[in-house]
Protein chains: 2
Amino acid sequence: MILETIKGPEELKALSIDELNALSGEVRRALLKKLSIHGGHFGSNFGIVETTIALHYVFNSPRDKFVFDVSHQSYTHKMLTGRAEAFLDESKYNEYSGYSAPYESEHDVFTMGHTSTSVSLALGLAKARDLIGNDNKVIAIIGDGSLSGGEALEALNYAGEFDGALIIVVNDNDMSIAENHGGMYKNLKELRDSNGACENNIFKTFGLDYMYVDNGNDIATLIDAFESVKDVDHPIVVHVKTQKGKGYALAEAEKEFWHATAPFDIETGKRLYSKNGSNSYSDITALHLLKRMKEDKSIVSLTAATPTAAGFTKERRDEAGAQFIDVGIAEENALAMASGIAKAGGKPVWAVNSTFLQRTYDQMSHDVCLNCSPVTTLVFASSIYCGSDVTHIGIYDIPMLSNIPNLKYLAPTCKEEYLAMLDWSIDQSKESVAIKIPATKAICSGKSARSDYSECKYEIVENGQEVAVLALGSFFPLGEQVCKALKDEGVDATLVNPMFISELDTDTLDKIGEKHSLVITLEDGILDGGFGEKIARYYSNSKTRVITYGFKKEFPYKYTLDAFLYENRLTVPQIVEDVLKSK
Amino acid sequence: MILETIKGPEELKALSIDELNALSGEVRRALLKKLSIHGGHFGSNFGIVETTIALHYVFNSPRDKFVFDVSHQSYTHKMLTGRAEAFLDESKYNEYSGYSAPYESEHDVFTMGHTSTSVSLALGLAKARDLIGNDNKVIAIIGDGSLSGGEALEALNYAGEFDGALIIVVNDNDMSIAENHGGMYKNLKELRDSNGACENNIFKTFGLDYMYVDNGNDIATLIDAFESVKDVDHPIVVHVKTQKGKGYALAEAEKEFWHATAPFDIETGKRLYSKNGSNSYSDITALHLLKRMKEDKSIVSLTAATPTAAGFTKERRDEAGAQFIDVGIAEENALAMASGIAKAGGKPVWAVNSTFLQRTYDQMSHDVCLNCSPVTTLVFASSIYCGSDVTHIGIYDIPMLSNIPNLKYLAPTCKEEYLAMLDWSIDQSKESVAIKIPATKAICSGKSARSDYSECKYEIVENGQEVAVLALGSFFPLGEQVCKALKDEGVDATLVNPMFISELDTDTLDKIGEKHSLVITLEDGILDGGFGEKIARYYSNSKTRVITYGFKKEFPYKYTLDAFLYENRLTVPQIVEDVLKSK
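Residues numbered from 1 in each chain as written. Chains lettered and ligands numbered in written order. Predicted model: local features only at pLDDT ≥ 70, side-chain atom pairs only at ≥ 80, totals over all residues. Heavy atoms only, no water.

Visitor: Looking at this structure, I do not really get the sheet that holds strand S18 (residues 545-551) of chain B. What am I missing?
Guide: What holds strands together in a sheet is hydrogen bonding between their backbones, with the strands either parallel or antiparallel. All names here are of chain B. With respect to topology, five strands assemble into an open sheet ordered S14-S16-S15-S17-S18, the strand pairing being mixed. Unpaired on one side and paired on the other, strand S14 (459-462) and S18 mark the two borders of the sheet. With direction set aside, neighbouring strand axes in the sheet form an average angle of 25°. Of the pairings in the sheet, the one linking strand S17 (residues 516-526) to S18 comprises six bridges and is parallel in character. Counted as the bridge partner of Thr521 is Thr548 from S18. Sheet strands touched by helix H20 (residues 476-488): S14, strand S15 (466-471), strand S16 (494-497) and S17. Its angle to S16, the strand with the most contacts, is close to 175°. (Pairing = 2+ DSSP bridges. Helix = DSSP H or I, 4+ residues; strand = E, 2+ residues; numbered from the N terminus. Axes fitted to C-alpha atoms, helices over the stretch in contact; angles between N-to-C directions. Contact = heavy atoms within 4.5 Å.)

Visitor: Even after reading the chapter, I still don't get the pairing of S15(B), so can you show me in this structure?
Guide: The side chains of a regular strand alternate between the sheet's two faces. Residues and elements named next belong to chain B. In terms of burial, S15 is largely enclosed, as five of its six residues are buried. Taken together, the six bridges between S15 and S17 define a ladder with parallel strand orientation. Bridging from a neighbouring strand, Ala468 pairs with Val519 of S17. Note on the crossover from S15 through H20 to S16: the handedness is right-handed. (Buried < 20%, exposed > 50% of the residue type's maximum accessible area, 1.4 Å probe, protein only. Right-handed = clockwise from strand over helix to strand, strands pointing away.)

Visitor: Could you clarify how one ought to interpret the relation of the copies chain A and chain B in this entry?
Guide: Of the transformation superimposing chain A on chain B, the axial component is 0.0 Å and the angular component is 180°, with the fit at an RMSD of 0.0 Å. Classification of the inter-copy transformation places it as that of a two-fold axis. By residue overlap, the copies meet face to face through one surface: 100% of the interface positions of chain A are interface positions in chain B. (Least-squares fit on C-alpha atoms with pLDDT ≥ 70 in both.)

Visitor: So what exactly am I meant to see when it comes to a negative patch on the surface here?
Guide: Taken together, the side chains of A:Asp452, A:Glu455, A:Asp507, A:Asp510 and A:Glu514 make up a negatively charged region of the molecular surface. Relative to the helices and strands, A:Asp452 resides in the loop between strand S13 (432-436) and strand S14 (459-462). (Patch = residues over 30% accessible without salt bridge, like charges linked within 9 Å, V, L, I, M, F, W, Y side chains within 5 Å. Areas by Shrake-Rupley, 256 points an atom, 1.4 Å probe, with all protein chains shown as cover. Salt bridge = Lys/Arg side-chain N within 4 Å of Asp/Glu carboxyl O. Lys, Arg positive; Asp, Glu negative; His and termini not counted. Charge placed at Lys NZ, Arg CZ, Asp CG, Glu CD.)

Visitor: Just to check I follow, could you spell out the side chain of B:Asp108 for this structure?
Guide: Residues and elements named next belong to chain B. Inspection of the secondary structure puts Asp108 in the loop between helix H6 (85-88) and helix H7 (118-132). Among the polar contacts listed, one links the side chain of Asp108 to the side chain of His77, at a separation of 2.8 Å. If sequence neighbours within four positions are ignored, Asp108 has contacts with His77, Lys78, Arg83, Tyr99, Ser100, Ala101 and Pro102. (Polar contact = N/O pair within 3.5 Å; in protein donor to acceptor, adjacent residues only side chain to side chain.)

Visitor: Just checking my understanding: could you explain helix H9 (residues 184-193) of chain B for this structure?
Guide: Helical geometry: 3.6 residues make up each α-helical turn, so side chains three or four residues apart lie on a common side. All names here are of chain B. Regarding H9, the residues found buried are Met184, Tyr185, Asn187, Leu188, Leu191 and Arg192. For H9, the angular spread of buried residues about the axis comes to 155°, placing them on one side. A positive phi of about 55° marks Asn195, the residue just after H9. (Arc of directions from axis to C-beta.)

Visitor: Sorry, what's going on with unusual backbone geometry here?
Guide: Outside of glycine, negative phi angles account for most residues, and trans bonds account for most peptide bonds. In this structure, A:Pro62 follows A:Ser61 across a cis peptide bond, with omega equal to 10°. Its location among the elements puts A:Pro62 in the loop between helix H4 (49-58) and strand S2 (65-68). One non-glycine residue, A:Asp174, adopts positive backbone phi at about 60°. Within the element layout of this structure, A:Asp174 appears in the loop between strand S4 (166-172) and helix H9 (184-193). A relative accessible area of 41% means that A:Asp174 is categorised as partly exposed. One non-glycine residue, B:Ser116, lies in positive phi territory at about 70°. With respect to the helices and strands, the residue B:Ser116 is situated in the loop between H6 and H7.

Visitor: Any chance you could explain the sheet that holds strand S8 (residues 299-303) of chain B here in plain terms?
Guide: Residues and elements named next belong to chain B. The strand order across the open sheet formed by six strands is S9-S8-S10-S11-S13-S12, and the pairing between neighbours is parallel. The sheet is open, and its two edges are formed by strand S9 (324-326) and strand S12 (407-410), each paired on a single side. Between one strand and the next, the sheet's axes are offset by a mean angle of 20°, whatever the strand orientation. Of the strand pairs in this sheet, S8 and S9 are connected by three bridges, and their pairing is parallel.

Visitor: How should the interface of chain A and chain B be read in this particular structure?
Guide: By a widely used convention, the size of an interface equals the accessible area lost when the partners come together. Chain A puts 110 residues into the contact, and the matching count from chain B is 110 residues. The contact between chain A and chain B buries some 8900 Å² in all, and 54% of this surface belongs to carbon and sulfur atoms. Three residues stand out in chain A for area buried against chain B, namely A:Glu154, A:Arg537 and A:Phe555, and they jointly supply 8% of the buried area on that side. Linking chain A with chain B are six salt bridges, by the criterion used here. Residues A:Arg537 and B:Asp528 are paired through a salt bridge, measuring 3.2 Å at the closest nitrogen-oxygen approach. (Buried area = accessible area lost by both parts, 1.4 Å probe.)

Now the structure itself:
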């Protein structure tokens, strides 16, 4: 096996084209086996095998710097830079990150997991190189889907006046996560159809030099192309047509389904298990919205390239028709557009993962909240229970959202509350609302939830004394467990479902303050800037003591759920111990 | 005077072209007089007079919706929509907002003051119109400078596949605040030079229909153009060439200087007073950075289209040469590029106003802090003392920045501390750092500041007992006054200069806790998610009480400094009163 002999890019350079072609087959087999057992990003990695081999053949990493946008297409790069065991040795599958990770290798420059950043980052590398007087090459590798993100477009524009060498490889497989959206994709198609020669050229309009490579899965062609641009002294785009999912027929045919995958059967392509299901918040959301959309044509569901986050599969998108909008990877436009829809009397519901919401801080503040636009934002994957890499972990949205004026951030604890909040938010026209979806699987409490959330009013679930437990959203079950354990210790605690993250129910807090000497807060997010701090401030000039539970402000580069909860004193015995010591 | 007879757009429609031309002269005279006395945005408003008159002549506001990007070009629109007195009656100059303001008029759809939002917002208005079944027109008016912002580019891309009517007027005066930056401006020049007919066309590459108007200061031509696109059933760009500062020779000649103005003498153009000066933090910053840049070629100063925020006038930019980067209105690219520079061994210093920093929450979190990139961010206009409209007020950056992991946010209290922090940050290579510039004018304390800020260590300025005052950054002088007033009341308070916004000096806090029963915190920002809440949390399970002072979480649509401070109990007598009651 050639792949096993490749300890770094230098070994690659001694190989013949035939051997490189053989290597690409080995890489694909390793990818297929690992992804079938472990899961991961599929389509783009299968499409970019030859491009990556050719890049490492022509350039000299780590002296020359590759920046793989979003990291979804970096698996072959990992294999060729001393990390083949991450794909060849089943016992090592979990030891490596699925993303670009400088702590793993000097061949990875940045930790990254959000799209559309590579051209900006590469521009910075090139600028510093020129100021310092180095002469290494800098190569950004960006997928066509990522081009629609504002950060990428800003960078392409600036690159058009950048006075130095920079190579931008556009890996065009004609797909985003789902299908691409936006006018530029018509232009990319024209470019592909005309072998790069059509009249209008988006890259040239940004002032960039340009070359087109039609056969982006042919190593010899790619090597020639990269050799020809290697020493160009200005920014140039190399537009490479690749096939998403190349080499696995099922993935070539069903590109969206195979963007990323859970473990699957190689023969049939069938997933061995599914994260979603009838009790997933994604499915619940899509089904509920589809029902409501049929009754009210002014309800619109929006996404920025992640339609299935809220359960909108292809079939459901078709069912929703004009009432479903996918703007492509363009979160800023999605949310600002939602504000426009709301101002004109529509009822927009924007679903987004917590980590990508970060892209829209200003749009949430200015376009939406400053204008009191009745936009409903559904924040998915915003719980430690959802798991994820450090680049996608959803534990920062409470400080991000709950301190923006005019935004009501709600935390339901069960399916019933969630749907009641969603309906209330859609039907009101005065407030900007966000809802923190509690983890992945829905809890059905069976109870009926209140229908009006205009007034901030906590729910006292159990009346006790001495100690009050304010258990927010997805941590409500933890609060129930803590109260039960405290009861075993002879402490009859009060259990509160606060529901409102961004406001304080001062009436209830005052009553609690009269009867309880200790309040504890539980929140599924970092403590800094969060819910517990608001409670601590409220009681700070009183005799009521507060202990806040949540996560330390940090980026957990590697973590496991149980250890992470333990480190943050978020297990029931730890909390009970603290309470008994403090009450 | 025709202008006085225009109570709304309907009166305009009865006028002849000659009368409309006369009206444009009256509008310019009103603009000139008001801006010479009151100050405001100059160049773009002078350039867009005829376009605005023609728009209101052809379309029917408020039924048809105009969205003026960033509002810098909305003064004529205000005059034509019942608000001429804001420009004709000197006693009313202050009664109206300088920005689009729905509370003033039904002709203003959104409160807005950040650039690049109009196309997204207009897309939303158009989408809701189509779903609801209305048939009004929607017109976004966006300047060429604003086109480089990610939100605008994302929206242009989506507009290219939008299935409905939308008119995008590009007001091209060939200038941003300063000169434009980015390759697209070469394309705009080609379009202007070729009367809109050159081979490559950026708008067409986004899939948009297009027309060009060369004489954008001629009302009859503009009316014809708008009439011709009025009923187009799909998105179309009307690219209008205008002259920034048109009608005032000095402004036509010196476009950057006349982007916005303080009160000035009409004859000479001389500003009646200047906000800056040798003791402004802007000047101090530019001079210090220029000095350091000369000694170290790896230091780079970056801006996103607001070079003078950090004192970089044209002359100073020329002096800095390749070590100064203006990326145009593109904050995301600026900060991500800074991260790339830092990773390659450069020393980037990014200066930005607090309000525009909002655009880069994700870039700060992921591109910079997740990567521990040693980028220095200078946060200007981040104080209530800087004043500003609700769209630019700088009271939200503490919660925004101080809760991002791996970011050290520092608050100097005087010039000496500021420069020491700046030097330390530039010279270290481990941490991502932001510095909150204290208001506009620098206080020279005359003391020598510490040189190392790697360890979080507060400074005890005065040792007292019972009460400790933690006075952060620009509120340090307020803390001094409070301590003095408390002394008059017989309370010998401890005065602390915390300096570190995003971290806690737990050693010092523990010592303070032992000796003081009451801690008060003073911060120049909203309380929610801020510095005081971190202190309140730290002491929340102890006997030490805390009172936090800062601003209520709100958007103050209209405010005056003194009243705002009073409402937030931020005057010395109010604080003293609270302390005496609580200690």
